[in-house]
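Spelled out, the chains give:
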Amino acid sequence: MLRASKRKKLKEENIQRLTDEYTKYFTERHSFEFVRRLGVGTGAAALLFKESECEASGTEERNVAVKFAFSEYEHRNEQADDEIENERKWLTRLQGAEHIVKILSHDVDRSKVSRPALVLEYVQYGSIQDLCKRLKAGNIRVPNRVLWTMFLCLTRACIGFAYPPWQNDEQESIPINGIKELSSIIHNDLHDENVLISDLRPDSIEHRHVPILKAIDFGKATIVPAGNWETADQKNIQEAARLITGVVAMKYSTLGDENMEVDIPDKTGNLRKIIVFTDPALHDSPYLLPSLKNILLLCQAANPNDRPSLQYVLNTCEKAVTTHTAQTYAGIANYDGASETDDSIRSMIQQIVFNADSSP
Ligand SMILES: Nc1ncnc2c1ncn2[C@@H]1O[C@H](COP(=O)(O)OP(=O)(O)OP(=O)(O)O)[C@@H](O)[C@H]1O
């Protein structure tokens, strides 16, 4: 058995060797320039490159992420390689959805590199986990209106999984009259390091002040078989609501889920007792609008059949994002509703997202 320090050293050497290999490969074949390492997960590492392309109008530059299979333990290498290939398959199928990271069309010649790799759109403002760390350090509460927008993003990502194909950064919505078949794809690993923060979209109501979120890491994605106890939509929306719970609780990777019985109004407004499995910080939060708290709780119902449909969650979030103003939050006791104005939201996002250092 190797000592932890020795294992760490070997791991670092291994990542560096693969980094050198990919830098050589992409520099020679694709006019890429290595910038820095983006992150290391359990089965892969990601590198940032600057890509320059000569167009008639001059040289165009863009940042791209290269993700390659890597694992700390050799016996898991094959699994890590399989996950990259699995991710390639799903990202190709889900290509074009606005809230899912794009796979870029650079095939990697496997005979020239030792491990499989993907070239991806670079999502530049760090993960939800990075955000939670900053919130915790600054003891900053995320305004309700920002939470609604973030949840709407993740709901659209879930719709993205459910109804491919998509085209040209298409905003995901439920197709009408069954013109698309339900895919039953589950992401299967939608945790706070697998949702990254991208840019604002000044011409979009949803992303004028709050940047767009994108799901990454489809290595464990799969299809839920028909007749499973939990459908793909039920599982995906539960993971999405849990992620927002982490933002409310300012906890990252440390949510302490518990079963609890709560009274929640159903679609018709009747109170029902429902068992939910979530961190008590969500239920106990004094500053959330009841409708936001309820929908987050409901999506984490222990019985998947109690979770709402994607259509219901989409309609509820869309309505909140498009109609709520700071005034909507004026009645919450001991809460400074001024933090819900457009100006406050803009300056908070500037402080905790755009001015923050997202490099490791
Ligand atoms: N497209 C991207 N843009 C920016 N950073 C990225 C991108 N893809 C990956 N990263 C960074 O690299 C890290 C590792 O990537 P990823 O989560 O996909 O690896 P993994 O080993 O499959 O993860 P896990 O441990 O969740 O299985 C991410 O947490 C993120 O910080």
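Residue numbers run consecutively from 1 along every chain, following the written order of its sequence. Given that this is a predicted model, residues contribute local features only at a pLDDT of at least 70 and side-chain atom pairs are listed and counted only at 80 or more, while totals for whole chains, interfaces and linings are drawn from all residues. For the side-chain quantities, the full set of heavy atoms in the structure was used; hydrogens and water were omitted.

(A) Seen up close, the overall build of the protein chain. In this text, helices come from DSSP runs of H or I with a minimum length of four residues, and strands from runs of E with a minimum of two, each type numbered from the N-terminal end. Across its full length, the protein chain holds nine helices and ten strands. With C-alpha atoms as the basis for the radius of gyration, the globule rule is written as 2.2 Å multiplied by the number of residues raised to the power 0.38. Its C-alpha atoms give the protein chain a radius of gyration of 21 Å, near enough to 21 Å, the size a compact globule of 360 residues would have. Its C-alpha atoms give the protein chain principal-axis dimensions of roughly 60 × 50 × 45 Å. Note on exposure labels: buried denotes an accessible area under 20% of the residue type's maximum, exposed denotes more than 50%, and partly exposed covers the range between, all computed with a 1.4 Å probe on protein chains only. The buried share of the protein chain, taken over its 360 residues, is 51%. We call two residues contacting when some pair of their heavy atoms lies within 4.5 Å. Considering only contacts within the protein chain whose residues lie at least 6 apart along the sequence, 66% involve residues at least 24 apart.

(B) Representation of the packing of helix 4 (residues 144–162) against helix 7 (residues 290–299). The contact between helix 4 and helix 7 brings their axes to 11 Å, and the two run at 35 degrees. In terms of crossing hand, the pair formed by helix 4 and helix 7 is left-handed. Residues Asn144, Leu147, Trp148 and Phe151 of helix 4 form the contact with helix 7, whose own contacting residues are Ser291, Leu292, Ile295, Leu296 and Cys299. Under this scheme, a helix contributes an axis fitted over its contacting stretch, all axes are lines through C-alpha atoms, and angles between N-to-C directions fall in the 0 to 180 degree range. A clockwise turn of the near helix away from the far one marks a right-handed crossing, whereas an anticlockwise turn of less than a right angle marks a left-handed crossing.

(C) Spatial organisation of the side chain of Lys293. Tracing the chain through its elements places Lys293 in helix 7. Only four residue types enter the charge count, namely Lys and Arg as positive and Asp and Glu as negative; His and the chain termini do not. Here, a salt bridge means any Lys or Arg side-chain nitrogen found within 4 Å of an Asp or Glu carboxyl oxygen. With no salt bridge to any partner, buried Lys293 finds its closest opposite charge in Asp284, at an N-O distance of 6.6 Å. Beyond its immediate chain neighbours, meaning those up to four positions away, Lys293 contacts Leu282, His283, Asp284, Ser285 and Leu288.

(D) Structural context of the site of the ligand. Taken together, 22 residues lie near the ligand, and Thr42, Gly43, Ala44, Lys67 and Glu121 sit nearest. Thr42 is positioned with one of its backbone polar atoms (N or O) 2.8 Å from an oxygen atom of the ligand. His191 is positioned such that a nitrogen or oxygen atom in its side chain is 3.0 Å from an oxygen atom of the ligand. Accessible surface area values rest on a Shrake-Rupley calculation with a 1.4 Å probe, where residue burial reflects the displayed protein chains alone. For the ligand, whose unbound accessible area comes to 620 Å², protein coverage reaches 90%. The set of elements that each furnish at least two residues to the shell around the ligand consists of strand 1 (32–40), strand 2 (44–55), strand 3 (58–69) and strand 4 (117–121). Each residue gets one label: Ala, Val, Leu, Ile, Met, Phe, Trp, Tyr, Cys and Pro are nonpolar, Asp, Glu, Lys and Arg are charged, and the others, such as Gly, are polar. Considered class by class, the residues forming the shell around the ligand number ten nonpolar, six polar and six charged. Residue proximity to a molecule or strand is established when one non-hydrogen atom of the residue lies within 4 Å of it. Pairs of N or O atoms within 3.5 Å make up the polar contacts considered here, provided that, within protein, one atom can donate a hydrogen while the other can accept it, and that residues adjacent in sequence are counted only when both atoms are side-chain atoms.

(E) Main features of the side chain of Asn294. If you trace the backbone, Asn294 turns up in helix 7. Setting aside chain neighbours within four positions, we find Asn294 in contact with Ile264 and Pro265.

(F) Structural detail: the pattern of salt bridges. Taken as a whole and assessed by the stated rule, the structure comprises 26 salt bridges. Arg201 is the salt-bridge partner of Glu98, the closest N and O atoms lying 2.7 Å from each other. With Glu98 in the loop between helix 2 (77–94) and strand 4 and Arg201 in the loop between strand 6 (195–197) and strand 7 (213–215), this pair connects stretches of sequence that are 103 residues apart. A residue is classified by how much of its surface remains accessible, and Arg201, at 22% relative accessible area, is partly exposed. A salt bridge links Arg201 to Asp169; the nearest nitrogen and oxygen atoms lie 3.6 Å apart. Taken as a pair, Arg201 in the loop between strand 6 and strand 7 and Asp169 in the loop between helix 4 and strand 5 (185–186) lie far apart in primary sequence, 32 residues in all. Given the relative accessible area of 27%, Asp169 is considered partly exposed.

(G) Expanded view of unusual backbone geometry. The residue after Pro164, namely Pro165, is reached through a cis peptide bond having omega 5 degrees. The topology assignment puts Pro165 in the loop between helix 4 and strand 5. Of note in the backbone geometry, Asn188 takes a positive phi value of approximately 80 degrees without being a glycine. Here Asn188 lies in the loop between strand 5 and strand 6. Residue Asn334 is not a glycine yet carries a positive backbone phi of 55 degrees. Considering the arrangement of structural elements, one finds Asn334 in the loop between helix 8 (310–323) and helix 9 (342–354).

(H) Expanded view of helix 4. For a helix, the expected span equals 1.5 Å multiplied by the number of residues minus one. Its 19 residues place the ends of helix 4 27 Å apart at the C-alpha level, agreeing with the 27 Å of an ideal helix rising 1.5 Å per residue. Taking burial as the measure, the 19 residues of helix 4 include 19 buried ones, the bulk of the element.

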